[in-house]
Amino acid sequence: MLPEHVIPSIPQLPLYPDGLLCRINATRCRYIARSTESIRRHWREAHGWSAGKKQGRPSRTKEKSMQAQVQEGCKQVYCQQFFSSRHGSQYFEVYPPAEG
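Quantities reported herein were computed from a predicted structural model and do not represent experimental measurements.

### Observations concerning the side chain of His42
Relative to the assigned elements, His42 resides in helix H1 (residues 36–47). Only 3.2 Å separates the side chain of His42 from the side chain of His47, close enough to count as a polar contact. When near neighbours in sequence (up to four residues on either side) are disregarded, His42 contacts Cys22, Cys29, Tyr31 and His47.

Next up, the structure:
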């Protein structure tokens, strides 16, 4: 079972500073990915929402709009993972390391 709240990092596990926490339904969804492709797939499959990626290369204006949607739809967090390849394994949010 994953932690339901942000916890201190676990020293024995790798710490990743590039987690993307889903904010589509911030009160219920705690999904974390480490790539924009993974978070976009989650949005499509879990929330029926798309950041506008279509076939072909987008215009610069459309690309900026898509980047803004991604920034609004997720928050960058530190994360860890108990198992890297087992079924049901996923990332969970941890506090950033203390600066010393």
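Now that the structure is up, let's keep going.
### A short note on the sheet that holds strand E4 (residues 91–94)
The strand order across the open sheet formed by four strands is E2-E1-E3-E4, and the pairing between neighbours is antiparallel. At either end of the open sheet lies a strand with only one pairing partner, and these are strand E2 (32–33) and E4. Across four bridges, the pairing between strand E3 (residues 74–81) and E4 is antiparallel. Residue pairing for E4: Gln80 is matched across the bridge by Phe92. Across the sheet, H1 touches strand E1 (16–22), E2 and E3, and the angle it forms with E1 is around 20°.

### Digging into the nonpolar core
Core analysis: the largest hydrophobic core is formed by eight residues, namely Leu20, Cys22, Cys29, Ala33, Ile39, Trp43, Val70 and Cys74. The residues touching Cys29, leaving out its near neighbours within four places in the chain, are Cys22, His42 and His47. Counting residues in hydrophobic clusters, the runner-up holds five residues, among them Leu21, Ile32, Cys79 and Tyr91.

Cut-offs used in this document
Residues numbered from 1 in each chain as written. Predicted model: local features only at pLDDT ≥ 70, side-chain atom pairs only at ≥ 80, totals over all residues. Heavy atoms only, no water. Helix = DSSP H or I, 4+ residues; strand = E, 2+ residues; numbered from the N terminus. Polar contact = N/O pair within 3.5 Å; in protein donor to acceptor, adjacent residues only side chain to side chain. Contact = heavy atoms within 4.5 Å. Pairing = 2+ DSSP bridges. Axes fitted to C-alpha atoms, helices over the stretch in contact; angles between N-to-C directions. Core = buried A, V, L, I, M, F, W, Y, C linked by side-chain atoms within 4.5 Å. Buried < 20%, exposed > 50% of the residue type's maximum accessible area, 1.4 Å probe, protein only.

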